[in-house]
Amino acid sequence: MKRMLIAAHGRLAEGLCSALSLIMGKKEQIAYINAFLSDMPLEKQIDDYFASVGKEDQVLVVTDAFFGSVNQKLLMKRRENSMVVTGANLPLLLELTVLLDGEEPITMERLKAVADQAREQLMVVDNEEVPQAQDDFDF
């Protein structure tokens, strides 16, 4: 099974997971870790998560910041058959969620393509250059 773990400082991971569920529906294979909000060390939270998934499961780990402590701890504790993507944002998570469907494993090539697509969503919006939307779509 393919799984995703979203891990970030504070409640960011929970918020991203909540927004993702609102748009894509609840996905049982997606979990999150809110780091540094309880007395439980982050290392234990990571160990508990990896103990809860099957050894054959492919785990896609998404963190908030490359040089952040959450990312660094996950890099040290990640296991075989896991991949780490950092710089979490909602467009990235939406694209990654699609990768969880189907039987074929997630490849590094596909993961890099998804990161490139999400990177294109990062922009400065100048109101004078953006045409006004004319649809009623909520998202």
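Residues numbered from 1 in each chain as written. Predicted model: local features only at pLDDT ≥ 70, side-chain atom pairs only at ≥ 80, totals over all residues. Heavy atoms only, no water.

K.L.:
Could you clarify how one ought to interpret the overall build of the protein in this entry?
P.N.:
Scanning the protein for helices and strands turns up five helices and four strands. Helices and strands in the protein line up, N terminus first, as β-α-β-α-β-α-β-α-α. Computed over C-alpha atoms, the radius of gyration of the protein comes to 16 Å, within 12% of the 14 Å expected from 2.2 N^0.38 for 139 residues, which places it in the range of a compact globule. The dimensions of the protein, computed from C-alpha atoms along their principal axes, are 50 × 35 × 25 Å. The buried share among the 139 residues of the protein stands at 35%. Look at the contacts in the protein between residues 6 or more apart in sequence, and 66% of them connect residues 24 or more apart. Looking at the protein as shown, the accessible area adds up to about 8900 Å², and 53% of this sits on carbon and sulfur atoms. Here the protein carries 14 positive and 23 negative side-chain charges, and the mean point of each set is 10 Å from the other. (Helix = DSSP H or I, 4+ residues; strand = E, 2+ residues; numbered from the N terminus. Rg over C-alpha atoms; globule rule 2.2 N^0.38 Å. Buried < 20%, exposed > 50% of the residue type's maximum accessible area, 1.4 Å probe, protein only. Contact = heavy atoms within 4.5 Å. Areas by Shrake-Rupley, 256 points an atom, 1.4 Å probe, with all protein chains shown as cover. Lys, Arg positive; Asp, Glu negative; His and termini not counted. Charge placed at Lys NZ, Arg CZ, Asp CG, Glu CD.)

K.L.:
Can you help me understand helix α4 (residues 90-99) in this one?
P.N.:
Note that an α-helix has 3.6 residues per turn; residues three or four places apart therefore point the same way. Listed as buried for α4 are L92, L93, L96, T97 and L99. Here the buried residues of α4 occupy an arc of 145° about the axis, which is enough to place them on one side. In this fold, the buried residues of α4 make contact with β1 (2-9), α1 (12-24), β2 (30-35), β3 (58-63), β4 (82-86) and α5 (108-119). (Arc of directions from axis to C-beta.)

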